[in-house]
Amino acid sequence: MKTEGEVYFVIKTENRGIDIEIFNEYLSIAPTTFSRMLTKGNSPKCTSWIYSSGKLINADYSLETEKLISKLIDHQKEFIYLQKFYPEFHFSLQIVIFLGTDSPALNFNLNILNFLNNINAEIDCDIYNSLAK
């Protein structure tokens, strides 16, 4: 069974007045996904600007995280500036892994940690056991 997952950086807010134009005003990088709060009835629960690795199969999550951060690091000042004007925005690096028979690597080097610290972001790892089904 394959180990599958995704690595992505997300900016979330529960401010109902926020739309993609706000992000476009401050960021020169486009999201891979954008969803506006409550556009499907009661969901999504928040507005999310997402920059993703895409779906991964049997990946080295340490390497995929490095690749993602290397694309975002050039925009560090933009993220800081955005958060200055919208302090309610929540920044997070998300790693989602559905374990199969492959055991993925997961490590956060100093470059990753420094970037996340500089933009006041946290790390959230969700690891699920696909074999338990």
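Details of the structure are given in the entry above.
Described in the following lines is the structure provided in the data block. (Residues numbered from 1 in each chain as written. Predicted model: local features only at pLDDT ≥ 70, side-chain atom pairs only at ≥ 80, totals over all residues. Heavy atoms only, no water.)

Here the focus is the packing of aromatic side chains. Scanning all chains against the criterion turns up 16 aromatic pairs. Judged by centre distance (4.9 Å) and plane angle (75 degrees), the ring pair of Tyr81 and Phe85 falls under edge-to-face. Of this pair, Tyr81 and Phe85 both sit in helix H3 (residues 76-85), separated by four residues, roughly a single helical turn. Exposure remark for Tyr81: the relative accessible area of 45% places this residue in the partly exposed category. Given a relative accessible area of 42%, Phe85 falls into the partly exposed group. What links up through ring pairs into an aromatic cluster is the set Phe9, Phe23, Tyr26, Phe34, Trp49, Phe79, Tyr81, Phe85, Tyr86, Phe89, Phe91 and Phe115. (Phe/Tyr/Trp six-rings, centres within 6.5 Å; stacked < 30°, edge-to-face > 60°. Helix = DSSP H or I, 4+ residues; strand = E, 2+ residues; numbered from the N terminus. Buried < 20%, exposed > 50% of the residue type's maximum accessible area, 1.4 Å probe, protein only.)

Below, the discussion takes up the environment of Gln76. Residue position: Gln76 is located in helix H3. When its relative accessible area of 18% is taken as the criterion, Gln76 is described as buried. Sequence separation between Gln76 and Leu27 is 49 residues; the distance between their C-alpha atoms is 9.6 Å. Contact partners of Gln76, with chain neighbours within four places excluded, come to Phe115, Asn118 and Ile119. (Contact = heavy atoms within 4.5 Å.)

The biggest cluster of nonpolar side chains holds 31 residues, and the ones touching the most others in it are Phe9, Ile11, Trp49 and Phe79. Listing elements by their share of this core, those giving two or more residues are strand S1 (4-13), helix H1 (20-26), strand S3 (47-52), helix H2 (61-72), H3, strand S5 (90-99) and helix H4 (110-118). Setting aside residues up to four positions removed in sequence, Phe9 forms contacts with Trp49, Ile50, Tyr51, Leu68, Leu72, Phe79, Phe91, Ser92, Leu93, Ile119 and Ala121. (Core = buried A, V, L, I, M, F, W, Y, C linked by side-chain atoms within 4.5 Å.)

Before going further, it helps to examine the environment of Ser103. Take Ser103: it is sitting in the loop between S5 and H4. Judged by its relative accessible area of 65%, Ser103 falls in the exposed class. Between the alpha carbons of Ser103 and Asn58 there is a distance of 8.0 Å; along the sequence they are 45 residues apart.

The next point concerns the state of the cysteines. Following the criterion strictly, the structure yields zero disulfides and no others. Unpaired in this structure, Cys46 has its nearest cysteine sulfur neighbour in Cys125, at a distance of 18 Å. According to the relative accessible area criterion, Cys125 is partly exposed, its value standing at 31%. (Disulfide = S-S within 2.5 Å.)

Where H4 is concerned, the buried positions are Ile112, Phe115 and Leu116. The buried residues of H4 occupy an angular sector of 95 degrees when the element is viewed end-on, so they sit on one face. Exposed residues pointing more than 90 degrees away from the buried face of H4 are listed as Leu110 and Asn117. Packed against the buried residues of H4 are H2, H3, S5 and strand S6 (121-129). Two or three places before Asn111, at the opening of H4, Asn109 has a side-chain oxygen 3.0 Å from that residue's backbone nitrogen. Of the residues flanking the end of H4, it is Asn120, one or two places downstream, whose phi is positive at about 60 degrees. (Arc of directions from axis to C-beta. Polar contact = N/O pair within 3.5 Å; in protein donor to acceptor, adjacent residues only side chain to side chain.)

In this section: the pattern of salt bridges. Close approach of charged atoms lets side chains of opposite charge pair. Scanning the entire structure with this criterion turns up three salt bridges. Here Lys55 and Glu6 are joined by a salt bridge, their closest N and O atoms 3.3 Å apart. Residue Lys55 is located in the loop between S3 and strand S4 (56-57), and its partner Glu6 is located in strand S1; the two are separated by 49 residues in the primary sequence. The class for Lys55 is exposed, based on a relative accessible area of 72%. Taking the relative accessible area as the measure of exposure, Glu6 reaches 17% and is therefore buried. The salt bridge partner of Glu64 is Lys67, with a shortest N-O separation of 3.3 Å. (Salt bridge = Lys/Arg side-chain N within 4 Å of Asp/Glu carboxyl O.)

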